[in-house]
Amino acid sequence: MAVGSSYVYDTAVAVPGGNVVPIGGLARVGVRADYRRRGVMTELMRFQLADSKANGHVLSTLHASEAAIYGGSATAWAPVRGKFV
């Protein structure tokens, strides 16, 4: 029985300087209501970021369907290698 899921797809983004870098797009993220607050989403995100790194992505992006969940921004960015400075 699945209690959570996420979908990752390969895409790319242009960065300052004219380079285009590979990123992992994240979509269709969810956890069943009766399994929330048990660490399921945390493990999904850990797996997704590790998978993105293994596939050569330098960023992972999430376009949220409900912006209010992410503090008013409909997009979230996560570094796969290193940290944002």
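Before reading on, note that the structure itself is shown above.
Residues numbered from 1 in each chain as written. Predicted model: local features only at pLDDT ≥ 70, side-chain atom pairs only at ≥ 80, totals over all residues. Heavy atoms only, no water.

K.L.:
Please provide a residue-by-residue account of the pairing of strand S1 (residues 4-14), values included.
P.N.:
For S1 and strand S2 (residues 20-31), the ladder comprises 10 bridges, and the chain directions are antiparallel. Residue pairing in the sheet places Ala14 in a bridge with Val20 of S2. Between the antiparallel neighbours S1 and S2 lie five residues, among them Gly17 with a positive phi of about 100 degrees. (Pairing = 2+ DSSP bridges. Helix = DSSP H or I, 4+ residues; strand = E, 2+ residues; numbered from the N terminus.)

K.L.:
Which residues make up the pattern of salt bridges, and what are the values?
P.N.:
If the charged atoms of two oppositely charged side chains come close together, the side chains can form a pair. Taken as a whole and assessed by the stated rule, the structure comprises two salt bridges. Note that Arg32 is salt-bridged to Asp34, the shortest N-O span being 2.5 Å. According to the relative accessible area criterion, Arg32 is partly exposed, its value standing at 32%. (Salt bridge = Lys/Arg side-chain N within 4 Å of Asp/Glu carboxyl O. Buried < 20%, exposed > 50% of the residue type's maximum accessible area, 1.4 Å probe, protein only.)

K.L.:
Pulling in residues and values, what's your account of the environment of Ser60?
P.N.:
One can find Ser60 in strand S3 (residues 59-63). Counting along the chain gives 34 residues from Ser60 to Leu26, while the straight-line C-alpha distance between them is 7.0 Å. Within the local environment of Ser60, its side chain forms a polar contact with the backbone oxygen of Gly24, the two atoms lying 3.5 Å apart. For Ser60, the side chain forms a polar contact with the side chain of Gln48, separated by 2.6 Å. (Polar contact = N/O pair within 3.5 Å; in protein donor to acceptor, adjacent residues only side chain to side chain.)

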